[in-house]
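# Observations on the model geometry
So you can see what is in the structure, the chains are spelled out below.
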Amino acid sequence: MVVLNLLKQEWLKSRRAKAFYKNLTVNILLILAVLYFGAIFLVAGFMLGSILEELVTPAKPTPTVLFNMAMLYMMLGGILMRLFMQQLGTINLLSYQTLPIKRSTLVNFLLLKPLTSPLNYMTLLVVIPFAVRSVSNYHDGATAFRFVLNIVFIIWFNSLLTAFLKRRFSSDFKFFLVIIAIAAAIVALEAFRLFSLSDASELIFGFLLNHSWGSVLVFLLPAAAFAINKWFFARNYYPEHFNIKIEKSNTAGTAVMNLSFFDRFGSIGDFIALELKLILRHKRTKSMLYVSPIFLLYGLLFYTQEEYNNSAGLLFFIALFSTGFLMMMYGQWIISWDSAYFDGLMTKNIPIRSYMTANYYLLLAFNVISFVLTTPYFLFGTKIIQMHLAAFLFNAGVNIPVFL
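Residues numbered from 1 in each chain as written. Predicted model: local features only at pLDDT ≥ 70, side-chain atom pairs only at ≥ 80, totals over all residues. Heavy atoms only, no water.

## Examining the overall build of the protein chain
- Along the protein chain, the regular secondary structure elements total 20 helices and 0 strands.
- A buried classification covers 36% of the 404 residues belonging to the protein chain.
- In the protein chain, the share of contacts with a sequence separation of at least 24, taken over all contacts with a separation of at least 6, comes to 75%.
- Carbon and sulfur atoms form 69% of the exposed surface of the protein chain, whose accessible area is close to 24400 Å². (Helix = DSSP H or I, 4+ residues; strand = E, 2+ residues; numbered from the N terminus. Buried < 20%, exposed > 50% of the residue type's maximum accessible area, 1.4 Å probe, protein only. Contact = heavy atoms within 4.5 Å. Areas by Shrake-Rupley, 256 points an atom, 1.4 Å probe, with all protein chains shown as cover.)

Structure below.
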C-alpha cells in the first residue's frame, strides 16, 4: 500500500509541476503522437497473423512458431534500445527521510515506478490482437493467455535489467563497446550461418508456451532482475559510497579532460575545449556519443541492395545521414544547451562571432570524423564516393549554418 501511495504522490507531483503546464502544448502533441502510433500498432496486430501465415512452411507450421523465432531478437533489441533511451528513476529522499518509511520500501518504489509507464506496454497493442486472432486459433485460449503473459514478463525483465546495467556501467565507455561487440557478433554468426539465434529462440519459447507452468519460469526472469537491483542498492545505498565513486571519477577525469591542445587557438580553442568537456561530462550527450557509431552502419542496409543503386535521391539522403549524424544530433541542441549561461557570457569580453565560430568548428570536426569513419563505403563504387563527398560539403556549407 505504501508503494501505491508513493506512485500516487509521484503522479500528483508531475501534474502540479509548473513544467507540466508550461509545456502543455508539447504534452498534447506527445499524447496525439502516442495515440497515432498506438493505432498503427493495433492495426499491425490484427494484420500480423495474416502476414505470418503467408510465411508458414512445413518446418514452421504456425505463425506462433515464427513469432517465437524472433523473441530473443526482440529481447536483445529492447535491451539495447532501452540502454540508450530509458531514463533512470529518481526520488527526492529529503522528503521522506523524516517519515516512518522503510528504506526497502523506497527502493521498491524506485524500481517499480518505471514499470507503470504506459509506453512500456505499447507492444501489447500488437501482441494481444495477434494472440486473440492467431495463437488461440492454432492452439487454445489458455495458450494465448500464456503468450501475452510471457510478453508482459519479458517487458518487466528488460526494464529492470536495463536499469541495473545503466546504474552499474553507465559511466564506463568499455561497457558500451562490449554491448556493440556482442550485437555485431550475433549478427555475424547469423549472417555466416554459424549459429542460429532464431532456432534457439523458437526452441526456448516454444517449450515455455506449450507447458502450463512455462509462464512461471518466464516470471523468474523479472524476479531475478529485481533481486539484482535490490542487491545493487543494498551495496550502494549510503551516500558515502557514492562520494568515493565521485572522487575516483574526478581524479580519473582530470587526466582525460586535459585539452591543452586547444590553447594555441585562442578564445575559439577555449570555447571548443569547454564544449567538449561539457559533452563528456553529461550523461545525455555521452549516450548520444556512444550510439552514434551504430548509425554509421546505416549505409549497409541500402548500399548492399541493388534495387537502390538507381535511386540517387535515396543514396544522397543515406550519405547525408551517415556522414552527418553526430553533427546533426549535437547541432540541433548545442545552442540551447548553452542558453542557460548566456547571461554570464554577456558579462565577459567575448565577441558573439568567436562563440559562433567555435561552435561551427566543433560541428565541422564532428562532420569530418563521421566522413572519415564512413570511407570504407567507398568500396561500393564511384557513385558512393561522389555521394559522400557531396553530402560532406552540403553538411559543412549548408546544414551547420542552418543549425547555428
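## Some thoughts on the packing of aromatic side chains
- In total, this model carries 17 aromatic pairs according to the counting rule given.
- Seen in terms of ring centroids, Phe-153 and Phe-219 are 5.2 Å apart; in terms of plane orientation they differ by 65°. Their pairing is edge-to-face. Of this pair, Phe-153 sits in helix 8 (residues 141-169) while Phe-219 sits in helix 11 (residues 214-236), and the two are 66 residues apart along the sequence.
- Judged by relative accessible area, Phe-153 falls into the buried class, the value being 9%.
- Taken together, Phe-67, Phe-130 and Phe-147 form an aromatic cluster joined through their ring pairs. (Phe/Tyr/Trp six-rings, centres within 6.5 Å; stacked < 30°, edge-to-face > 60°.)

## Structural notes on empty space enclosed by the protein
- Under the criterion given, the structure shown has 1 cavity of 30 Å³ or more.
- Reported here for the largest cavity is a volume of approximately 40 Å³.
- Asn-68, Met-71, Phe-147, Asn-150, Ile-151, Phe-205 and Leu-209 together form the lining of the largest cavity.
- The set of elements that each furnish at least two residues to the lining of the largest cavity consists of helix 8 and helix 10 (197-209).
- Element by element, the count of residues in the lining of the largest cavity is highest for helix 8, at 3 residues.
- Taken together, the residues of the lining of the largest cavity sort by class into 5 nonpolar, 2 polar and no charged. (1 Å grid on protein atoms, 1.4 Å probe; cavity = no way out; pocket = protein on both sides within 12 Å on 5 of 7 lines; lining within 4 Å. Points joined across faces, edges and corners; volume = space filled by probe spheres on them. Nonpolar A, V, L, I, M, F, W, Y, C, P; charged D, E, K, R; others polar.)

## Points about the nonpolar core
- One finds Phe-67, Val-127, Phe-130, Phe-147, Ile-151, Leu-165 and Phe-205 to be the most contacted residues of the largest nonpolar core, which totals 46 residues.
- Top element by residues in this core is helix 8. It accounts for 13 residues.
- Leave out the neighbours within four places in its chain, and Ile-151 touches Phe-67, Met-71, Leu-124 and Val-127.
- Judged by nonpolar contacts, the second largest core, of 26 residues, contains Ile-334, Tyr-355, Ala-358 and Phe-366. (Core = buried A, V, L, I, M, F, W, Y, C linked by side-chain atoms within 4.5 Å.)

## Concerning the environment of Phe-317
- With respect to the element layout, Phe-317 can be found in helix 16 (residues 312-331).
- Note on Phe-317: relative accessible area 45%, which makes it partly exposed.

## Examining the environment of Val-3
- Summarising the element assignment, Val-3 is placed in helix 1 (residues 2-16).
- Here the alpha-carbon distance between Val-3 and Leu-110, two residues 107 residues apart in the chain, equals 9.2 Å.
- What Val-3 contacts, discounting residues up to four positions off in sequence, is Thr-105, Asn-108, Phe-109 and Leu-112.

## Brief notes about the packing of helix 16 against helix 19 (residues 352-373)
- Where helix 16 meets helix 19, the closest approach of the two axes is 7 Å, and the angle between their N-to-C directions is 155°. In terms of orientation, helix 16 lies roughly antiparallel with respect to helix 19. Every pair of crossing elements has a handedness; the one defined by helix 16 and helix 19 is right-handed. In this structure, helix 16 uses Ser-322, Thr-323, Gly-324, Leu-326, Met-327, Tyr-330 and Gly-331 to contact helix 19, whose residues at the interface are Leu-363, Phe-366, Asn-367, Ser-370 and Phe-371.
- Of the residues in the contact of helix 16 with helix 19, the class split is 6 nonpolar, 6 polar and no charged. (Axes fitted to C-alpha atoms, helices over the stretch in contact; angles between N-to-C directions. Parallel < 35°, antiparallel > 145°, perpendicular 65-115°, else oblique. Left-handed = near helix turned anticlockwise from the far one by under 90°.)

## Some remarks on the packing of helix 13 (residues 266-281) against helix 19
- Put simply, helix 13 and helix 19 touch, their axes get as near as 9 Å, and they point 55° apart. Taken as axis vectors, helix 13 and helix 19 run oblique relative to one another. As helix 13 runs across helix 19, the sense of the crossing is right-handed. Here Ser-267, Ile-268, Phe-271, Ile-272, Glu-275, Leu-276 and Ile-279 of helix 13 lie close against helix 19, whose contacting residues are Ser-354, Tyr-355, Thr-357, Ala-358, Asn-359, Tyr-361, Leu-362 and Phe-366.

## Considering helix 8
- A rise of 1.5 Å per residue sets the reference length of helix 8, with its 29 residues, at 42 Å; its end C-alpha atoms lie 42 Å apart and thus fit the reference within 8%.
- The buried count for helix 8 comes to 22 of 29 residues, which makes it a mostly enclosed element.
- Capping the start of helix 8 is the job of one residue whose side-chain oxygen sits 3.3 Å from the backbone nitrogen of Ala-142: Asp-140. (Expected span 1.5 Å × (residues − 1). Polar contact = N/O pair within 3.5 Å; in protein donor to acceptor, adjacent residues only side chain to side chain.)

## Here we look at the side chain of Arg-146
- Looking at the secondary structure, you find Arg-146 in helix 8.
- Buried and unpaired, Arg-146 has no salt bridge, with Asp-140 as the nearest side chain of opposite charge at 5.2 Å.
- A distance of 2.9 Å separates a polar side-chain atom of Arg-146 from the backbone oxygen of Leu-209.
- Aside from chain neighbours lying at most four places away, what touches Arg-146 is Leu-209, Asn-210, His-211, Ser-212 and Ser-215. (Lys, Arg positive; Asp, Glu negative; His and termini not counted. Salt bridge = Lys/Arg side-chain N within 4 Å of Asp/Glu carboxyl O.)

## Brief notes about a nonpolar patch on the surface
- On the surface, a nonpolar cluster with roughly 510 Å² of combined accessible area is contributed by Ile-28, Leu-29, Ile-31, Leu-32 and Leu-35.
- The topology assignment puts Ile-31 in helix 3 (residues 24-53). (Patch = residues over 30% accessible without salt bridge, like charges linked within 9 Å, V, L, I, M, F, W, Y side chains within 5 Å.)

## Section: helix 16
- Gly-324 marks the point of greatest bend in helix 16, at about 70°.
- The element helix 16 is largely enclosed, with a buried count of 14 among its 20 residues. (Bend = angle between axes of the 7 residues up to and from the residue.)

## Section: the confidence of the model for the protein chain
- The predicted model of the protein chain averages 79 in pLDDT, with 87% of residues at 70 or higher.
- Confidence over residues 242-246 falls short of pLDDT 50; this stretch has 4 contacts with residues more than four positions distant or in other chains.
- A low-confidence stretch, residues 248-256 (pLDDT under 50), is modelled with 0 contacts involving residues beyond four sequence positions or located in other chains. (pLDDT = per-residue confidence, 0-100.)

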